[in-house]
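Chain and residue survey
Letter by letter, the chains look like this.
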Amino acid sequence: MHSQDKKVFILASIEEVSILRKFAILFLISSIIPMFLLYYIYLYKTRLGFMAMIMMVLGVFVGYFSIRSLLIKATDIARENRRAIEPFLSPQIIKEISQGENELVVLKHTFSALTKQLATTITELKNKNDELLALDQLKDDFVNNVSHEFRLPLSIIQESIRQITEGMFGQINEAQQKYLNMSLRNIDRLKTLIDIMLDISKIEKGKLELFKKNMDLRDVIKEVVSDLSQKIEKKGLKLKLELPAQPVEIVADRDKIIQVLINLVGNACKFTQQGSIEISARENEDSIECTVTDSGIGISSKDLPHLFSKFHQIAAPQEKGTGLGLVIAKHIIELHHGQIYVESQEKIGTKFTFTLPKNTAAPNGKAVDNEKNINRG
Amino acid sequence: MKKILIVDDDVDIVDLVENRLKKNNYEVTFTNDGDNGYRKAIEQKPDLIIMDVMMPNMHGGEAVKLLKANDITKNIPVLFFTAMNSYLPKGAELDQINVNGQLYPAITKPFEPNKLLAAIKSLLGE
């Protein structure tokens, strides 16, 4: 195949050269004769005229050699291209190319074949991409629908059990109360899981929206603390709050900031067997800083870098989670143009810090920050 | 004792809401579609109507349209009770629903009993 290629090329080139020779001779005759006539009639008296004549003659020869070398280069390119794309070409096209009369024709066929092939590949890829996008959308819709469909029956179960535990249908005994409370706790867990599933799906699509309002971070912290204080006290942990006397104003999505704090304080509680949990808020020069510090088991240096990655869960003695809470927390803080980071020492404790930009342009009421989150994963 | 009419085709929800409301000293009646809801509202003149959106025969929006056009029922406050979150303006201070171009108070399912009771109290001016 290879040697045959070469033969075709050489033959074509010889043929080409002979055509060119004919062309060049014709060119010479047709351009030199009028030039000499011009010279004898008008220009022979001047030195400049003679020089111009010489230049013109030289030009004709340079032209001839340029055309020739260009043609040789073109045939080289054609050969290279053909070799490179031959594996992707259909036998029909290869045959067509091989039957080309000369290398210029081969070049033409090669390029047209290449363009055709490229167009087909682009169309195929585009179709595949459309298919994948449709599938992805289907997955999102499914996650969304399933989550919503889960919630209603779950809330019916929850409310039924609540009504029983509240004694609406008569007294219940201690054991009944205990197991119904256990059910309620796990329903809450399931609800949280559904919320997390929805949040992650939104984050991945960059569709997690913020509804920012003016608020005092101290109030938000106090709300979270009152929700979790029972849990903290039950574990025998001390809770310390270090909040400034004056309001710590932020412009943020209240529910989302509560979600972050519940996650951080919840984790602190989960991983601390004795000692304390400390929550602080303060105003820096250009940001608001909030920390959650515990005296818990700490995080190993091996786990630390992966803490905000999806499905990374550190080994906890009794507690189970989804490993997604911190991923969501990080996205929420970053959507607010803040930062979240962690410092930890094993057996000594962990300190989570998040910052939020200072309240510069305060939106009135319910401004919506529709910014898409580009940072995925 | 204030009288509340629940119009919802989900019998489990109706059952639970009825318990909750009775416990909080409201008189409760219910029906399972918009058509019957409209008729019962005229018949009983409740102080408040809790209305589902997606129901067989006549949906909530249609029923409210009729109620608002009727002199007997036009002043009865309506609280929508819906699982269709997409109707609600997100992040809105008060949960509201847009029905026939007008905003009505709404509670989303799954519901929190405290939120439902608070909405009822505020609509009844209690």
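Higher on the page you've got the structure.
Overview of the structure. (Residues numbered from 1 in each chain as written. Chains lettered and ligands numbered in written order. Predicted model: local features only at pLDDT ≥ 70, side-chain atom pairs only at ≥ 80, totals over all residues. Heavy atoms only, no water.)

Some words on the overall build of chain A
Helix and strand counts for chain A come out as eight helices and eight strands. Looking at the 377 residues of chain A, the share that counts as buried comes to 37%. When contacts within chain A are restricted to residue pairs at least 6 apart in sequence, long-range pairs at least 24 apart make up 72% of them. Here chain A displays about 23,400 Å² of accessible surface, and carbon together with sulfur accounts for 60% of that area. (Helix = DSSP H or I, 4+ residues; strand = E, 2+ residues; numbered from the N terminus. Buried < 20%, exposed > 50% of the residue type's maximum accessible area, 1.4 Å probe, protein only. Contact = heavy atoms within 4.5 Å. Areas by Shrake-Rupley, 256 points an atom, 1.4 Å probe, with all protein chains shown as cover.)

Some words on the nonpolar core
In this structure, Leu217, Leu261 and Phe354 of chain A are the most contacted members of the largest nonpolar core, which totals 47 residues. Tallying contributions element by element places helix H7 (residues 254-270) of chain A first for this core, with eight residues. If near-sequence neighbours (up to four positions away) are discounted, Leu261 of chain A is found in contact with Val220, Ile221, Val224, Gly266, Cys290, Val292 and Phe354 of chain A. Residues Leu16, Leu21, Phe111 and Leu117 of chain B belong to the second largest nonpolar core, which totals 22 residues. (Core = buried A, V, L, I, M, F, W, Y, C linked by side-chain atoms within 4.5 Å.)

Section: the packing of helix H2 (residues 34-44) of chain B against helix H3 (residues 60-69) of chain B
Residues and elements named next belong to chain B. At a minimum axis separation of 8 Å, H2 and H3 run at an interaxial angle of 25°. Of the possible angle classes, the one that applies to H2 and H3 is roughly parallel. In this structure, H2 meets H3 at a crossing whose hand is right-handed. Contacts between H2 and H3 pair Gly34, Tyr38 and Ala41 from the former with Ala63, Leu66 and Leu67 from the latter. Residue composition of the contact of H2 with H3, grouped by class: five nonpolar, one polar and no charged. (Axes fitted to C-alpha atoms, helices over the stretch in contact; angles between N-to-C directions. Parallel < 35°, antiparallel > 145°, perpendicular 65-115°, else oblique. Left-handed = near helix turned anticlockwise from the far one by under 90°. Nonpolar A, V, L, I, M, F, W, Y, C, P; charged D, E, K, R; others polar.)

Section: the sheet that holds strand S4 (residues 78-82) of chain B
Residues and elements named next belong to chain B. With respect to topology, six strands assemble into an open sheet ordered S2-S1-S3-S4-S6-S5, the strand pairing being mixed. The two strands at the open ends of the sheet, each matched to only one other strand, are strand S2 (27-31) and strand S5 (96-99). Strand-to-strand twist in this sheet, taken as the mean axis angle between neighbours without regard to direction, amounts to 30°. Across three bridges, the pairing between S4 and strand S6 (residues 102-108) is parallel. Bridging across to S6, Phe80 finds its partner in Ala106. Each of strand S1 (3-7), S2 and strand S3 (48-52) touches H2; the most contacted strand, S1, lies at about 165° to it. (Pairing = 2+ DSSP bridges.)

As for the packing of aromatic side chains
All chains considered together, the criterion is met by two aromatic pairs over all chains. Ring centres of Phe308 of chain A and Phe352 of chain A lie 6.3 Å apart, and the angle between their planes is 90°; on these two criteria the pair is classed as edge-to-face. Remark: Phe352 of chain A occurs in strand S7 (residues 349-357) and Phe308 of chain A occurs in the loop between strand S5 (287-294) and helix H8 (325-335); sequence separation between them is 44 residues. Overall, the relative accessible area of 16% leaves Phe308 of chain A in the buried class. Relative to Tyr104 of chain B, the ring of Phe80 of chain B has its centre 5.6 Å away and its plane inclined at 70°; by these criteria the two rings are edge-to-face. Placement of Phe80 of chain B in strand S4 and of Tyr104 of chain B in strand S6 is noted, with a sequence separation of 24 residues between them. Classification of Tyr104 of chain B by relative accessible area gives buried; the value is 8%. (Phe/Tyr/Trp six-rings, centres within 6.5 Å; stacked < 30°, edge-to-face > 60°.)

Observations concerning the interface of chain A and chain B
Counting residues at the interface gives 18 residues for chain A, matched by 17 residues for chain B. Roughly 1,500 Å² of surface becomes buried between chain A and chain B when both sides are summed, with 59% attributable to carbon and sulfur atoms. Of all residues in chain A, the largest losses of buried area upon contact with chain B belong to Leu152, Ile156 and Glu159 of chain A, amounting jointly to 30% of the total for that side. Glu159 of chain A is the salt-bridge partner of Arg20 of chain B, the closest N and O atoms lying 2.7 Å from each other. Joining chain A to chain B, the criterion identifies five residue pairs in polar contact (both at pLDDT 80 or more). Put simply, the parts of the chain that give the side of chain A that touches chain B at least two residues each are helix H4 (103-165) and strand S1 (210-216) of chain A. No other element matches the 10 residues that H4 of chain A contributes to the side of chain A that touches chain B. Considered class by class, the residues forming the side of chain A that touches chain B number five nonpolar, five polar and eight charged. (Buried area = accessible area lost by both parts, 1.4 Å probe. Salt bridge = Lys/Arg side-chain N within 4 Å of Asp/Glu carboxyl O. Polar contact = N/O pair within 3.5 Å; in protein donor to acceptor, adjacent residues only side chain to side chain.)

Section: unusual backbone geometry
One non-glycine residue, His337 of chain A, adopts positive backbone phi at about 65°. Residue class for His337 of chain A comes out partly exposed when judged on its relative accessible area of 47%. Even without glycine at this site, Asn25 of chain B takes up a positive phi of about 65°. Structurally, Asn25 of chain B is set in the loop between helix H1 (11-23) and S2. The class for Asn25 of chain B is exposed, based on a relative accessible area of 54%.

Some remarks on helix H6 (residues 217-234) of chain A
What sets the pattern is the α-helix's 3.6 residues per turn: residues three or four places apart point alike. Residues and elements named next belong to chain A. Here H6 is 18 residues long and its end C-alpha atoms lie 26 Å apart, about the 26 Å a rise of 1.5 Å per residue gives. Bending of H6 peaks at approximately 50° at the position of Leu228. Looking at H6, one finds that the buried residues are Leu217, Arg218, Val220, Ile221, Val224, Val225, Leu228 and Ile232. If you follow the buried residues of H6, they end up packed against S1, strand S2 (238-242), strand S3 (249-252), H7, strand S4 (276-283) and S5. A positive backbone phi angle near 75° is found at Gly236, which sits one or two residues after H6. (Expected span 1.5 Å × (residues − 1). Bend = angle between axes of the 7 residues up to and from the residue.)

Things to note about the packing of helix H5 (residues 174-204) of chain A against H8 of chain A
All names here are of chain A. Between H5 and H8, the shortest axis-to-axis distance is 10 Å and the interhelical angle comes to 50°. The angle between H5 and H8 places the two elements in the oblique class. Crossing of H5 against H8: the hand is left-handed. Across the interface between the two elements, Ile196, Asp199, Ile200 and Ile203 of H5 pack against Val327, Ile328 and His331 of H8. The residue inventory of the contact of H5 with H8, partitioned by class, reads five nonpolar, one polar and one charged.

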